Amino acid sequence: MSDRTIAAPAGGGLSPDGLLAGIARRSEAVLIPLGALLIGLAIFSLFLLTQGKSPAEYFALVYKAGFGTAFSWQNTLSRTAPLLLAALCVALPARLGLTVIGGEGAIVLGGVAVGALALPLSGFPAVIAIPVFLAAGALAGGLWIGAVGALRHWRGVNETIASLLMAYIAIALMNHLVEGPLRDPASLNKPSTHPLPDALRIGNIPGWDVHWGLVAGIVACIVSWVLIDRTTLGFAARVAGGNVRAAQVQGLPVGKLIVGFTALGGAFAGLAGAFEVAAVQGSANASLAAGYGYTGILIAFLARHNPLAIIPVAILLAGFEASSGLVQRRMGLPDASTLVLQGIVFTVILISDTAYGRWKLFSPERWRS
Amino acid sequence: METDLGLWAVPIAMLGGAIRVSTPILFVSLGETLTERSGRINLGLEGTLVFGAMSGYALAVMTGSPWLGVIAAAITGALFGLVHGLICSLPKVNDIAIGIAMMLLGMGLAFYFGKPFIQPVAPDLPAIPLGWWSDLPQVRAALQVNVLFLIGLVAAGVLWWMLKATKIGLTLRVVGDSTDAARALGLTPSLVRTLATAAGGAFAGIGGAYLSLYYPGSWNEGISSGQGLMAVALVIFARWNPIACVGAAMLFGAAGALGPALQTIGVSSGYYLFYAAPYVLTLGVLIATSSPTQALSGAPGELSINK
């Protein structure tokens, strides 16, 4: 802070404490990511032009297939559910300064946990079986990512590398279980676990063609926001994320916070896998590793790890993913073009970190200078 | 003619596998050692490896020369490293996060441009039959050593000498250990780091070319599945020492060869678990060599994983 700040008078619309100042401070966190997103889309448009494709046609198709009709909205919202939960697996640990990118592993294991319970629980009523499915998925994911947090705190293991390695291990574990001990002999072409009885499948939200996972995802985002922004626990986590030593001096239980937040994030990702099996696929198989965990990383960074901001960002990216089939058929673009788009947007978003605090417009303290 | 070696077939197949599988890991870890010695982490080498595999294969298909493919892979790898290095030179940008983004971007671009090259067959890189002295076909197969592996060994020695005894090495180490000290000496840390990241990317690109042009020797989207990432983790295990990278890469090559080696003697159950052996081993090594209280010995001071 400069000397001029102190000289600025308090009160009034243009002062550092006024209403306008509040809006200016908050708008930085919205306008910079939004600007970065637009620049990313512009760079992707240039990429399409070099490929002889029309960006206008591309975005028109994305709009049509992702958001144009009630049907496309339902398709988009069905894909939003796992993305919301996967993004929380990145955003919650990020509050503690941790970059966990292995949510894919928790999704896969959450799904396998439900697949493994399909046969043992087949005789039970849905009111018992479905909560058990969801709890098992959340537990599997929570233990998996919670272990990453524990390794980080007590062994100093880099959580980024460890979580991604564990994602590969989780996928190998799934392949082993699905092709071996848990395999349904009736699944010939695509090895899968025993299918869930129809009575135990999670249905759709009444009147919609979207399963209940969407509601679970939105509730999880709201709960996470309350936890981070409105509780002492969340405050402690932010302190620990800012400076671990200061937090320890303050007597904050840093280890418990790290394990708790990583485990909660993992539990949400595991829940995503549980919904994929119990509401979409009906059994666990290799399609569980569909890349939701990786898209979730981008969503969390775009939303600046704010759980409420994750909701619109996840819907937007789900729309892009929902339209990928149509874009492939109409424009002859390979499905990897979605990955290219995500990579470009992700890179630009991270570059935009350098823009914070650069413009006077967003820092009322400097308005008078 | 196959001779029945019984259980001996396993260690021989693992030795051969260690040499075959370790080469890309060796190249990536040498490149990452160079980058990390300058004080930056490039987690994006997984994407660089995949893009190198694609571009090397594509050029080999188009020109008929696998060596032109290797050169193309090195150049594209250097470009990816350059982009990473330049972005990280901006203030307040996180090198680990940029690495994740570059990993996704590299894979996305490789899959996008690689679609037409899944079918065509590219010429392989040549191998030298070092097992000529043996009558056993298994030993001969195991000692069929690719030229790139030997180049990797030489590169490890040269890098080790360069870091230890040359002016370039000294510059790199100063920049890696203290930005302030480097500035005081009149060096430009961000320039040195950007060049070191570009050079590291070139190594990773060559590693990718080995994957698609020798072993497994074809281009497909699952070609790397995390080898670039394991190599980055291995650099910590190798304590940023190029010579130690050779040993670490061989160890991991052997772990990767465990599954196929057991298959040769008829053990086929649990294939996917053996397939996970290198990841488990990497994680185990990471756990064993990390420390919660002190900076890792031999680690460059400016490295963000130490802070």
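Everything that follows concerns the structure shown earlier in this document.
Our subject in this report is the structure included herewith. Every chain's residues receive numbers from 1 upward, in the order its sequence appears when written. Whichever chain is written first becomes A and whichever ligand is written first becomes 1, with later ones labelled in order. Whole-chain, interface and lining totals are the exception, using all residues; otherwise, since this is a predicted model, local features are given only for residues with pLDDT of at least 70 and side-chain atom pairs are given and counted only at 80 or more.

Observations concerning the nonpolar core
What counts is decided by this rule: The term nonpolar core refers to a group of buried residues, namely Ala, Val, Leu, Ile, Met, Phe, Trp, Tyr and Cys, whose C-beta atoms join them within 7 Å. Burial in this document is a count-based property: other C-beta atoms within 10 Å of a residue's C-beta are tallied, and the residue is buried at 20 or more, exposed at 12 or fewer, or partly exposed in between, with C-beta positions derived from the backbone. Only runs of H or I of at least four residues qualify as helices and only runs of E of at least two qualify as strands under DSSP, and these elements are numbered from the N terminus. We call two residues in contact if the C-beta atoms placed from their backbones are at most 7 Å apart.
In this structure, Ala87 and Ile310 of chain A together with Leu234 of chain B are the most contacted members of the largest nonpolar core, which totals 234 residues. Take this core: its biggest share by element is 17 residues, from helix α11 (residues 254–281) of chain A. Among all residues touching Leu234 of chain B, those that are not within four sequence positions of it are Ile25, Ser29, Cys245, Ala248, Ala249, Phe252 and Thr282 of chain B.

Here's the deal with helix α10 (residues 227–237) of chain B
The buried fraction of α10 of chain B amounts to 11 of the 11 residues, a majority that puts the element mostly inside the structure. Those residues of α10 of chain B lying buried are Gln227, Gly228, Leu229, Met230, Ala231, Val232, Ala233, Leu234, Val235, Ile236 and Phe237 of chain B. Each element contacted by the buried residues of α10 of chain B is listed here: α7 (159–179) of chain A together with α1 (9–37), α2 (45–63), α9 (189–213), α11 (242–264) and α13 (277–289) of chain B. Downstream of α10 of chain B by one or two residues, Arg239 of chain B has phi in the positive range, about 50 degrees.

Description of the interface of chain B and chain A
Short version of the rule: The classification used treats Ala, Val, Leu, Ile, Met, Phe, Trp, Tyr, Cys and Pro as nonpolar, Asp, Glu, Lys and Arg as charged, and all other residues, Gly among them, as polar.
Between chain B and chain A, the contact holds 41 residues from the first and 37 residues from the second. Of all the secondary structure elements, the ones that give two or more residues to the side of chain B that touches chain A are α4 (95–114), α10, α12 (271–275) and α13 of chain B. Here the side of chain B that touches chain A gets 13 residues from one element, more than from any other, and that element is α4 of chain B. Grouping the amino acids of the side of chain B that touches chain A by side-chain chemistry returns 31 nonpolar, eight polar and two charged.

Examining α11 of chain B
Residue and element names in this part refer to chain B. For clarity, the cut-off: In this scheme, a helix's expected span is set at 1.5 Å multiplied by one less than its residue total. A residue's bend is given by the angle between axes fitted to the 7 residues ending at it and the 7 residues starting at it.
With 23 residues, α11 should cover 33 Å at 1.5 Å per step; its first-to-last C-alpha distance of 33 Å lies within 8% of that length. A bend of about 45 degrees at Leu258 is the largest found in α11, and the proline Pro260 appears one to four places after it. Of the residues flanking the end of α11, it is Gly266, one or two places downstream, whose phi is positive at about 95 degrees.

Focus on the environment of Ser122 of chain A
Along the chain, the position of Ser122 of chain A falls in the loop between α5 (103–117) and α6 (126–155). For the pair formed by Ser122 of chain A and Ala199 of chain A, sequence separation is 77 residues and the distance between their alpha carbons is 8.9 Å.

Section: the environment of Ala13 of chain B
Residues and elements named next belong to chain B. Along the chain, the position of Ala13 falls in helix α1. For the pair formed by Ala13 and Thr264, sequence separation is 251 residues and the distance between their alpha carbons is 8.2 Å. In this structure, Ala13 is in contact with Gln138, Ala142, Ala257, Pro260, Ala261 and Thr264, ignoring residues within four places of it in sequence.

Thoughts on unusual backbone geometry
All names here are of chain B. The step from Tyr215 to Pro216 runs through a cis peptide bond, and the omega angle for that step is 5 degrees. Checked against the element boundaries, Pro216 lands in the loop between α9 and α10. Even without glycine at this site, Lys92 takes up a positive phi of about 70 degrees. Tracing the backbone shows Lys92 in the loop between α3 (66–88) and α4.

Description of the packing of helix α2 (residues 19–50) of chain A against helix α15 (residues 336–351) of chain A
All names here are of chain A. The condition that has to hold: The convention used is that axes are lines fitted to C-alpha atoms, helices contributing only their stretch in contact, and that angles between N-to-C directions extend from 0 to 180 degrees. Relative orientations are named as follows: roughly parallel for angles under 35 degrees, roughly antiparallel for angles over 145 degrees, roughly perpendicular for angles from 65 to 115 degrees, and oblique for any other angle. In a left-handed crossing the near helix is turned counterclockwise from the far helix by less than a right angle, and in a right-handed crossing that turn is clockwise.
Between α2 and α15, the least distance of the axes is 8 Å, while the angle of their chain directions is 140 degrees. Judged by the angle between their axes, α2 and α15 are oblique. Crossing of α2 against α15: the hand is right-handed. Here α2 contributes Pro33, Ala36, Leu37, Ile39, Gly40, Ile43, Phe44 and Phe47 to the contact with α15, which in turn contributes Val340, Leu341, Ile344, Val345, Val348 and Ile349. Among the residues forming the contact of α2 with α15, the class breakdown is 13 nonpolar, one polar and no charged.

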